[in-house]
Amino acid sequence: MSPLRRPELLAPAGSLEMMRTAFAYGADAVYAGQPRYSLRVRNNSFGKLDVLAAGMEEARAAGKTFYLVANIYPHNAKIRSFEEDMAPVIALRPDALIMADPGLMMMVRERWPEVDIHLSVQANTTNYASVRFWQSAGVKRIILSRELSLDEVKEIRDACPEMELEVFVHGALCIAYSGRCLLSGYFNHRDPNQGTCTNSCRWDYKLHEAKDDEAGDSRPIGNMPLGNPQGMGTVGTALGGGARHAQGAKVWLLEEGSRPGELMPVEEDEHGTYILNSRDLRAVEHVQKLVEIGVDSLKIEGRTKSPYYVARTCQGYRQAIDDAVAGRPFDLGLLGQLEGLASRGYTDGFYQRHHTPEHQNYLRGHSESGRSLLVGEVVGYSGERGLAEVEVKNRFGIGDRLEFVAPAGPRDALAERIEDADGQPLSLIPGSGRRVWMPLPEGVAPGEPCYIARYV
């Protein structure tokens, strides 16, 4: 049996700090957006050409890889400016462009034939025939649809052995088919498919059961919550407009938290409704299988997340990849470590349609004592005092059990000594906006990035 090939660990980067953190915690590559042409306009410091140049140069110097995302489906106005806008960016020599629109890809192929193209997940590639088509068009790598099972990924790998394949293993899931959501455009006229998504699927919603009145309009059954004592709201059109009532469908009224009393009809049939929040993807327990299949790149979602998020996810998936390649069993502790991140609950997505007893044990058998809350980031070190300077993010104090998340691995320690800048002892730091000094546990080197979490 030939040795297993080590896949690339690909991390998100919305800033230089995020990129540096990803590399420090085990990522082989990062991806960043070109704001006008990617699906992440906000929280993206790489919109400045000098910052983008610095990022690519640092990545090359570290022997790492930097991919640039240009994956929107543009309207005509952006087509006209595309080549002019992209020329200085491509001159910086990104390792590949991540793209979805065939027209933009054709333009890149004609003007910059030397540039590698990776097909974005936005293109929803779900079968090996599509992979072969894109291969014939000169695409180097396919980022497969999130909607595929492990068996389907393997079938594509077997049918297309020469094509590089990439899959998502962690991060947010869309409530629509791989990013093709209309909610943000409906509420705010900010088109998710042009990079301006406001994450409307994650707002605070309430559902009210409804029935039709004599005029055929849907009205809430019973009393509305406090704030609308009349028990009635302004009933708008169904999401997306048009006819609402399908045969046998039940109607609910959707109320968004910042729009009290403005009710939107939503149909529910025997399959449920499809406008509310999805759990986040966490597929660390499937890394071994993905490595065995021969997937080339395992991708973490989250360009608008924090450096702490990147540190924890990269560290966890780095270990999972290394263990799989070395033939070591899956470490259940990784599930607990990832529980420490803010999430909307986890799912392994579509990878395993029917969980085996082994995977059920993974999901139920790990200890939840690993759950933790970020409370600080090490921002300096005083050799004279022998203490690290910590920027406080959340409340913690003497006696708390802390986890120091460092590139060499997490280290646990009790908080036994905390001081202010003048050396005065502190027993409790009530919240963010402060800087304190404390010792680092053995195994955490001064000068390396380090985040501190409190077990909860």
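Residues numbered from 1 in each chain as written. Predicted model: local features only at pLDDT ≥ 70, side-chain atom pairs only at ≥ 80, totals over all residues. Heavy atoms only, no water.

1. Regarding the overall build of the protein chain
Part 1: Secondary structure assignment for the protein chain yields eleven helices and 23 strands.
Part 2: In the protein chain, which comprises 456 residues, the share counted as buried stands at 50%.
Part 3: Counted over contacts in the protein chain with a minimum sequence separation of 6, partners at least 24 positions apart contribute 68%. (Helix = DSSP H or I, 4+ residues; strand = E, 2+ residues; numbered from the N terminus. Buried < 20%, exposed > 50% of the residue type's maximum accessible area, 1.4 Å probe, protein only. Contact = heavy atoms within 4.5 Å.)

2. With respect to the packing of helix α5 (residues 128-136) against helix α6 (residues 150-159)
Part 1: In the contact formed by α5 and α6, the axes pass within 9 Å of each other and the chain directions differ by 40°. The pairing of α5 with α6 is recorded here as oblique in orientation. Crossing of α5 over α6 shows right-handed handedness. The segment α5 lies against α6, with Tyr 128, Val 131 and Arg 132 engaging Glu 155, Ile 156 and Ala 159.
Part 2: Tallied by class, residues from the contact of α5 with α6 come to four nonpolar, no polar and two charged. (Axes fitted to C-alpha atoms, helices over the stretch in contact; angles between N-to-C directions. Parallel < 35°, antiparallel > 145°, perpendicular 65-115°, else oblique. Left-handed = near helix turned anticlockwise from the far one by under 90°. Nonpolar A, V, L, I, M, F, W, Y, C, P; charged D, E, K, R; others polar.)

3. Some remarks on the packing of aromatic side chains
Part 1: Following the criterion strictly, the structure yields five aromatic pairs and no others.
Part 2: Taking the centre distance of 5.1 Å and the plane angle of 75° together, the rings of Phe 133 and Trp 134 count as edge-to-face.
Part 3: Within the aromatic cluster, the residues linked to one another by ring pairs are Tyr 25, Tyr 308 and Tyr 451.
Part 4: The lysine or arginine in question, Lys 305, covers the ring of Tyr 309, its NZ or CZ lying 4.2 Å from the ring centre.
Part 5: One cation-aromatic arrangement involves Arg 401 over Tyr 455; the distance from NZ or CZ to the ring centre is 3.8 Å. (Phe/Tyr/Trp six-rings, centres within 6.5 Å; stacked < 30°, edge-to-face > 60°. Lys NZ or Arg CZ within 6 Å of the ring centre and 35° of its normal.)

4. Remarks on the side chain of Thr 313
Part 1: Topologically, Thr 313 is positioned in helix α9 (residues 307-326).
Part 2: Residue Thr 313 is classed as buried on the basis of its relative accessible area of 0%.
Part 3: Only 2.8 Å separates the side chain of Thr 313 from the backbone oxygen of Tyr 309, close enough to count as a polar contact.
Part 4: Engagement of the side chain of Thr 313 in a polar contact is seen with the backbone oxygen of Val 310, the distance being 3.3 Å.
Part 5: The residues touching Thr 313, leaving out its near neighbours within four places in the chain, are His 170, Ile 300, Leu 338 and Leu 341. (Polar contact = N/O pair within 3.5 Å; in protein donor to acceptor, adjacent residues only side chain to side chain.)

5. Considerations on the sheet that holds strand β20 (residues 411-414)
Part 1: A sheet is described by the order of its strands in space; here six strands give the open sequence β20-β19-β23-β16-β17-β22, paired in antiparallel fashion. Looking at the sheet topology across the chains shown, the edges are occupied by β20 and β22 (435-438). Pairwise comparison of adjacent strand axes, ignoring direction, gives a mean angle of 35° for this sheet.
Part 2: As judged from the four bridges shared by strand β17 (residues 387-392) and β22, these two strands associate in the antiparallel manner. In the strand pairing of β22, Glu 389 is matched with Trp 437. (Pairing = 2+ DSSP bridges.)

6. Points about the nonpolar core
Part 1: Counting residues in each nonpolar core, the largest one holds 94 residues, and the members touching the most others are Phe 66, Met 86, Ile 142, Leu 144 and Cys 314.
Part 2: In this structure, this core is formed jointly by two domains, domain 1 (8-178 + 279-362) and domain 3 (372-455), each of which donates at least three residues.
Part 3: Apart from residues lying up to four places away in sequence, Met 86 is in contact with Gln 34, Tyr 37, Leu 68, Ala 70, Leu 97 and Trp 112.
Part 4: Counting residues in hydrophobic clusters, the runner-up holds 18 residues, among them Val 392, Phe 396, Val 436 and Ile 452. (Core = buried A, V, L, I, M, F, W, Y, C linked by side-chain atoms within 4.5 Å. Domains from an automatic or database assignment.)

7. Here we look at the environment of Ser 297
Part 1: Locating Ser 297 in the fold gives a position in strand β14 (residues 297-300).
Part 2: Owing to a relative accessible area of 0%, Ser 297 belongs among the buried residues under this scheme.
Part 3: Through-space distance from the C-alpha of Ser 297 to that of Leu 10 is 6.6 Å; in sequence the pair is 287 residues apart.
Part 4: In contact with Ser 297, other than residues within four places in its own chain, are Pro 7, Glu 8, Leu 10, Arg 141, Leu 165, Glu 166 and Val 167.

8. A word on the packing of helix α1 (residues 16-24) against helix α2 (residues 49-61)
Part 1: Running from N to C, α1 and α2 cross one another at 15°; their axes reach a closest spacing of 10 Å. The angle between the axes of α1 and α2 places the two elements in the roughly parallel class. For the crossing formed where α1 meets α2, the hand is right-handed. Contact with α1, carried on its side by Leu 16, Met 19, Arg 20 and Phe 23, involves Val 51, Ala 54, Gly 55, Glu 58 and Ala 59 of α2 and no other residues of that element.
Part 2: The residue makeup of the contact of α1 with α2, split by class, is six nonpolar, one polar and two charged.

9. What about the pattern of salt bridges?
Part 1: In the structure shown here, the tally under the stated rule is 26 salt bridges.
Part 2: The shortest N-O distance in the salt bridge between Glu 57 and Arg 60 comes to 3.6 Å. Placement of both Glu 57 and Arg 60 in helix α2 is noted, with a separation of three residues, approximately one turn of the helix.
Part 3: Beyond isolated ion pairs, a larger network of salt bridges with shared partners links Glu 8, Asp 116, Lys 140, Arg 141, Glu 164, Glu 166 and Lys 299. (Salt bridge = Lys/Arg side-chain N within 4 Å of Asp/Glu carboxyl O.)

10. What to know about the pairing of strand β7 (residues 164-171)
Part 1: Of all eight residues in β7, seven are buried, a share of seventy percent or more.
Part 2: Here three bridges tie strand β6 (residues 141-143) to β7, and the two strands are oriented parallel to one another. Residue pairing in the sheet places Arg 141 in a bridge with Glu 164 of β7.
Part 3: Read from β6 through α6 to β7, the crossover connection turns out right-handed.
Part 4: Alignment of β7 against strand β13 (residues 280-282), held across two bridges, turns out to be antiparallel. By the bridge assignment, Gly 171 is partnered in β13 with Leu 281. (Right-handed = clockwise from strand over helix to strand, strands pointing away.)

11. Some thoughts on the confidence of the model for the protein chain
Part 1: When pLDDT is averaged along the protein chain, the result is 84, and 79% of the positions lie at 70 or above.
Part 2: The low-confidence segment residues 224-248 (pLDDT under 50) makes 52 contacts with residues lying over four places distant or belonging to another chain. (pLDDT = per-residue confidence, 0-100.)

12. Side note on α1
The α-helix advances 3.6 residues per turn, and as a result positions three or four apart in sequence lie on the same side.
Part 1: Along α1, the positions that sit buried rather than exposed are Leu 16, Met 18, Met 19, Thr 21, Ala 22 and Phe 23.
Part 2: Just downstream of α1 lies Gly 26, where phi reads positive at about 115°.

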